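Secondary and tertiary structure notes
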Amino acid sequence: MNTTLITGIGSLVTNDPGQGAGPLGLVTDAAVVVDGGTVAWVGRAADAPAADERVDAGGRALLPGFVDSHAHLVFAGDRTAEFNARMSGQSYTAGGIRTTVAATRAASDAELDANLARFVREAVRQGTTTIECKSGYGLTVEDEARSLRIAAEHTPETTYLGAHVVAPEYAEDPAGYVDLVTGEMLDACAPHARWVDVFCEKGAFDGDQARAILTAGIERGLTPRVHANQLTYGPGVRLAVELGAASADHCTHLTDEDVAALAGSATVATLLPGAEFSTRAEYPSGRRLLDAGAVVALSTDCNPGSSFTSSMAFCIAVAVREMGMTPDEALWAATAGGARALRRTDVGTVTVGARADLLLLDAPSHVHLAYRPGVPLTAAVWRAGVREV
């Protein structure tokens, strides 16, 4: 298998302080050797070994590919009208999800697959090399199972989210829906999922219901993650910590006790600034979480209702502008932080043995991601050593 030397890197982000300066492990005048699907060598360009092929980065910045650890990409339909109404003064509620449920149920497998493939390609073009994908827009046994089967064709990071909202058919029997989610639906979905998730929120599932759903998933070998504290204060974050969830996602409304719980645990606080941007809601404070010692990830929450963006670069820029994070902290959260949220050690870094998931920016520094918001800065993308952009 051929080796590739990427040289002439003006600024290399390794996310390994042992490799270079600061928490990002920055190396200037750097080079990387890729062997097959993995990183084989990292260091100064002057010391680089020979390789079969050579790519000149031309002084640009090279980063780990973005790790998007929270996305909802198996769906059909469009919610432009809802967004337009909300921007005209109507507030967002969880009920909007049911609009997408109807469209998703009516779509064919081929339509759902094509839609998902399109969004994955869109994300890759912007530098995302690892993406998580949830079900949650089917809310029947068959529709949730097929959503996960389709998602698994595109990513190993699949999440069972039958507990997105109560299915319309069970509007008057939420307990019956919880029974379905923890029983027959879980049986059909668990073979196709790595994770179990629940929207623990007013208008969706309360703390007791969320605990029952997550516990059932754990018993089936799935690892929990939680939609927590997005719309109001609630039990989601502390439930996530108690159950050893990989992440508590949104974390918009946090008490001091919530922050302390996250800081004292292995549960990652995943912030989703696209949701606040798209709903004109209050942004969470990344600064508060970081200062407390919590591990923070950034993700897109790409979905048709409340955050219809696949751009991790956009999320970085918003986190820097609105959430008190530095450009270095935001980039780490969008790469190594996302890897932590997915409990992956092979992505989110540019280190020997890591997957060769790389993003070459058309810029001399990663700071340009926040410095030049909205500008397409992707020069090249490699996934597992294969150049895709």
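Quick caveat, the model's predicted, so the values are computed rather than measured.

**Side note on helix α12 (residues 312-322)**
- Inspection of α12 places Met312, Cys315, Ile316, Ala317, Val318 and Ala319 among the buried residues, and these make up the whole buried set.
- The elements touched by buried residues of α12 are β6 (66-68), β7 (128-131), α10 (273-279), β15 (296-298), α13 (327-341) and α14 (368-371).
- Following α12 by one or two positions, Gly324 adopts a phi angle in the positive range, close to 75°.

**Some details on helix α3 (residues 109-125)**
- With 17 residues, α3 should cover 24 Å at 1.5 Å per step; its first-to-last C-alpha distance of 24 Å lies within 8% of that length.
- Taken together, the buried positions of α3 are Leu112, Asn115, Leu116, Ala117, Phe119, Val120, Ala123 and Val124.
- Packing partners of the buried residues in α3 comprise α2 (97-106), β7, β8 (133-134), α4 (141-152) and β17 (378-383).
- Just past α3, the residue Gly127 takes up positive phi, approximately 105°.

**Remarks on the side chain of Asn303**
- With respect to the element layout, Asn303 can be found in the loop between β15 and α12.
- Judged by relative accessible area, Asn303 falls into the buried class, the value being 4%.
- A distance of 2.8 Å separates a polar atom in the side chain of Asn303 from the backbone nitrogen of Gly305.
- Aside from chain neighbours lying at most four places away, what touches Asn303 is His72, Tyr137 and Phe308.

**Considerations on the confidence of the model for the protein chain**
- Per-chain confidence: the protein chain averages 96 in pLDDT, with 99% of residues scoring 70 or above.
- When pLDDT is averaged over each helix and strand of the protein chain, the minimum, 86, is found for helix α1 (residues 80-87) and the maximum, 99, for β6.

Conventions and cut-offs
Residues numbered from 1 in each chain as written. Predicted model: local features only at pLDDT ≥ 70, side-chain atom pairs only at ≥ 80, totals over all residues. Heavy atoms only, no water. Buried < 20%, exposed > 50% of the residue type's maximum accessible area, 1.4 Å probe, protein only. Helix = DSSP H or I, 4+ residues; strand = E, 2+ residues; numbered from the N terminus. Contact = heavy atoms within 4.5 Å. Expected span 1.5 Å × (residues − 1). Polar contact = N/O pair within 3.5 Å; in protein donor to acceptor, adjacent residues only side chain to side chain. pLDDT = per-residue confidence, 0-100.

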